[in-house]
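Breakdown of the fold
The lines below spell out each chain.
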Amino acid sequence: MPNSIETIVQSIDAERIGNIPATINWLLTDSRSLCFPEATLFFALITKRNDGHKYILDLYKKGVRNFVVSTLPEDMEHYAEANFLLVKDTLKALQKLAVQHRELYDVPVVGVTGSNGKTVVKEWLYQLLSPDRIVTRSPRSYNSQIGVPLSVWLMNENTELGIFEAGISEMGEMEALIPMIRPTIGVLTNIRGAHQENFYSMQEKCMEKLSLFTQCDVLIYNGDNPLIQDCVSKSIFAPQEIAWSTKDKEKPLYIDSIDKRERETVITYRYLGLLNSYTIPFIDDASVENSLHCLAVALYLMIPTDVIAERMKKLEPIAMRLEVKEGKNNCLIINDSYNSDYASLDIALDFMQRRADEKWRKRTLILSDILETGQSNKLLYRQVAELIQNRGIEKFIGVGEALQEAVHRFDMEKYFFRTTSELLESGILSTLRNEVVLIKGARVFRFDKVSDALELKVHETILEINLNSLVDNLNHYRNALQPDTKMICMVKASAYGTGAFEVAKTLEEHRVDYLAVAVADEGAALRKAGVNCPIIVMNPEHTAFHTLFEYKLEPEVYSFHLLDALIHAAAHEGVSNYPIHIKIDTGMHRLGFGVEEVPALIERLQRQTAVIPRSIFSHFAGSDSSLFDDFTREQIGRFEQASELFQSSFSYKILKHICNSAGIIRFPEAHYDMVRLGIGLYGVDPIENRMLQTVATLKSTILQIRKIPANETVGYSRNGKFSRDARVAAIPIGYADGLNRKLGNRHAHCLINGKAAPYVGNICMDVCLVDVTDIDCKEGDEVIIFGKELPITYLAETLDTIPYEVLTSISDRVKRVYYQD
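Residues numbered from 1 in each chain as written. Predicted model: local features only at pLDDT ≥ 70, side-chain atom pairs only at ≥ 80, totals over all residues. Heavy atoms only, no water.

**Here's the deal with the packing of helix α21 (residues 560–573) against helix α22 (residues 598–606)**
- It is at 12 Å that the axes of α21 and α22 come closest, and there the two elements cross at 5 degrees. Put simply, α21 runs roughly parallel to α22. Residue-level inspection shows Phe-560, Leu-563, Asp-564 and Ile-567 of α21 in contact with α22, the latter providing Ala-600, Leu-601, Arg-604 and Leu-605.
- When the residues that make up the contact of α21 with α22 are grouped by side-chain class, the tally is six nonpolar, no polar and two charged. (Axes fitted to C-alpha atoms, helices over the stretch in contact; angles between N-to-C directions. Helix = DSSP H or I, 4+ residues; strand = E, 2+ residues; numbered from the N terminus. Parallel < 35°, antiparallel > 145°, perpendicular 65-115°, else oblique. Contact = heavy atoms within 4.5 Å. Nonpolar A, V, L, I, M, F, W, Y, C, P; charged D, E, K, R; others polar.)

**Points about the environment of Gly-111**
- Its place among the elements puts Gly-111 in strand β8 (residues 109–113).
- C-alpha of Gly-111 to C-alpha of Tyr-55: the two residues are 56 residues apart in sequence and 33 Å apart in space.

**Observations concerning the confidence of the model for the protein chain**
- Counting all residues, the mean pLDDT for the protein chain is 90, and 94% of those residues have values of 70 or more.
- Element-level mean pLDDT values for the protein chain span from 66 in strand β17 (residues 323–326) up to 98 in strand β6 (residues 66–69). (pLDDT = per-residue confidence, 0-100.)

**Re the packing of aromatic side chains**
- Under the definition given, this model contains 18 aromatic pairs.
- Aromatic side chains Phe-67 and Phe-84 sit 5.3 Å apart centroid to centroid with 20 degrees between the ring planes, which places their arrangement in the stacked category. One end of the pair, Phe-67, is in strand β6; the other, Phe-84, is in strand β7 (residues 83–86), and 17 residues separate them in sequence. The pair formed by Phe-67 and Phe-84 is uniform in burial state, with each residue classed as buried. (Phe/Tyr/Trp six-rings, centres within 6.5 Å; stacked < 30°, edge-to-face > 60°. Buried < 20%, exposed > 50% of the residue type's maximum accessible area, 1.4 Å probe, protein only.)

**Looking at the environment of Glu-250**
- Topologically, Glu-250 is positioned in the loop between β13 (240–245) and β14 (253–260).
- Taking relative accessible area as the criterion, Glu-250 reaches 71% and is therefore assigned exposed.

**What about the sheet that holds strand β16 (residues 274–280)?**
- Read from one edge of the open sheet, nine strands run β9-β10-β8-β11-β12-β13-β14-β15-β16, paired in mixed fashion. Of all the strands in the sheet, just β9 (135–137) and β16 have a single pairing partner and so form its edges. For this sheet, the mean angle separating the axes of adjacent strands, direction not counted, is 20 degrees.
- Relative to strand β12 (residues 218–222), strand β11 (residues 185–188) is paired through three bridges, and the arrangement is parallel. Along β12, the bridge assignment pairs Val-187 with Ile-220.
- Of the strands in this sheet, β8, β9, β10 (161–165) and β11 are in contact with helix α4 (residues 118–129), which crosses β10 at around 165 degrees. (Pairing = 2+ DSSP bridges.)

**Details of the sheet that holds strand β2 (residues 15–17)**
- Spatial strand order, β2-β7-β6-β5-β4: five strands in an open sheet with mixed pairing. Each end of this open sheet is capped by a strand with a single partner; those strands are β2 and β4 (26–28). Ignoring strand direction, the axes of neighbouring strands in this sheet form an average angle of 20 degrees.
- Where β6 meets β7, four bridges bridge the pair, whose relative direction is parallel. If you follow Val-69 over to β7, its bridge partner there is Leu-86.
- On top of the sheet, helix α3 (residues 90–102) reaches β4, β5 (40–43) and β6; it is set at about 140 degrees to β5, its chief contact.

Below, the structure is given as structure tokens:
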């Protein structure tokens, strides 16, 4: 539900500095997650390690105009078009706003807390309940003091049911979460040892978690857990209780039997005297327990038992919980590097042990120190050693100082490392073969790197990248735009062969609005390298949806098939309101929704909450040539028709863009909100195929010079013929480096000491030969394949192709060297 800035000022008791009209749809606490700046309210949170106030200037330059702060910027004159809401504590202001927002909606809300299983229960409830009603739920594990208010803010006038997690790590934290979630249905999953060091006892922790449910209509929990049962009996609860039990037939939800089979579990239960059953496609104890919590909620909400059974058997595993992946060397990887405590280790080992189809593989555990347990390491690791021995672990790899000190307790093949880096550098991971490998570690150990490792250069030919020229070309096109027109820079195909990371970081430093890549792996690589700029994925693959969500990559969507798959994947991942970019086919006829499909597309988008359109765009077919100007204008007309209908159907701003490099120069009337800069950024003007500022220079050196007598030949098939005595230079570049074979046999030349040296004979995989008979040169001299003096367009014209192909053909084994002149 959109909120005026005036309403928000009143809700959080802020002093307002600035009078810019604004409607707020989005709350932001992480500047890297910016998506809709014009409708965003940024909370400058102060934490132990960071201060959100230092990101205000950068966000302002990116279009954010509304900020909640505890101190005003010193240079207020730079923020003439901003609203600052001044408060004493920005986190408390965020939470207060969430409380006010929650009070707007009188709908059932499920609150989920406990030590383990919160996210799984939340996501399975979503899978069970969302077919019948519009559900707003916490994205992923947004269960903290910051995550909960951001989750609650997602409620809107369409919400029919809310599902929110609550996570705490010390006494007193639940107090702030209670009025924000204000659950009507409470689910307590379990109480275990995570974060125990901040509580006097397990009972104290349990009572703190139970405080979330004091105003609930119903409380759901495991009635066989004596700790929980005792704490509930000591609490003052008015609500109805659904305590499920496998032992007490007097409980309202009695579990008659749990039949674990090879790949599924059949659960028979009796609710209010009626006998029913359901099947889940899991066999581990944790999944059974989580399903029982979900069963109780579904029964309370009066979902028919046959419907529950039908949906239970289709439950899907939750991402980042015991993910199973194929590994190298015939290994199977079970990745549970999401959290680490004794109980969850037991659950993961149980899952590993029950994989009946993998029993022929050796069982290996990679474990980090278990943190925040509240018990002594001596006792903890004695229990861990006993556990993994009983679970049949044959090889143990421990990481962390505490585990190193407990090495004597582990009686199996074992290896110990102080840090994850030491493990990665040891080479032991490459020795794992025919094994089931469970990766279990606390987040701070970054075991995602271990998972990646389990899931290749000196070369005298280099590609030099002039970053100053790159920026000059960027500014050349920027000068053709209005100040508020945004810029997308294409860095797909490793930034057109120039190397994505350095180019992307340079563009980010010069504050481009978006980067664009072809596939999700390209975007993930940039994120891993520290690039935080918004990234669009132009060709998202169905197998890469998890990568999109994990690395905050925004996909292009061009078909209903892709859209439906993406919506399903987002729901599976616990993602909502994920930004996407809608492609319209206006005449290119490659990818995109037809203009006639736009009404159906709008209807489909409005019936879900998983994704949200951030932009709508199309692709010119011939904007670089005046021969196609009439057709280009037809494309513009079709695009305006589609985009206007699209915008009229949504209350927030949807960006429009159609111009590529040529379109930026030739069709200024079609700049709209944003443009896409591709080959022009890398120094080629596609209109006349002329060079702008040269960005890339491909160069090599002379390896050897030989004298060739007249009538001798060189190279394969004896194609290099000489009618006179000659000198031939061998250059360490071939078609495996990207030098096209069609350039051989004197079809083209390189430059040596400023002189043209024709390629003679066939170009080989790693080496080419050039005629230097009339050139004063020696071994070790520089060779220019293309660059400022020999433009890449020369090679493109010779090959009857485009500069894009020449540049992107340069292989990875050619070293990239970056410089600023």
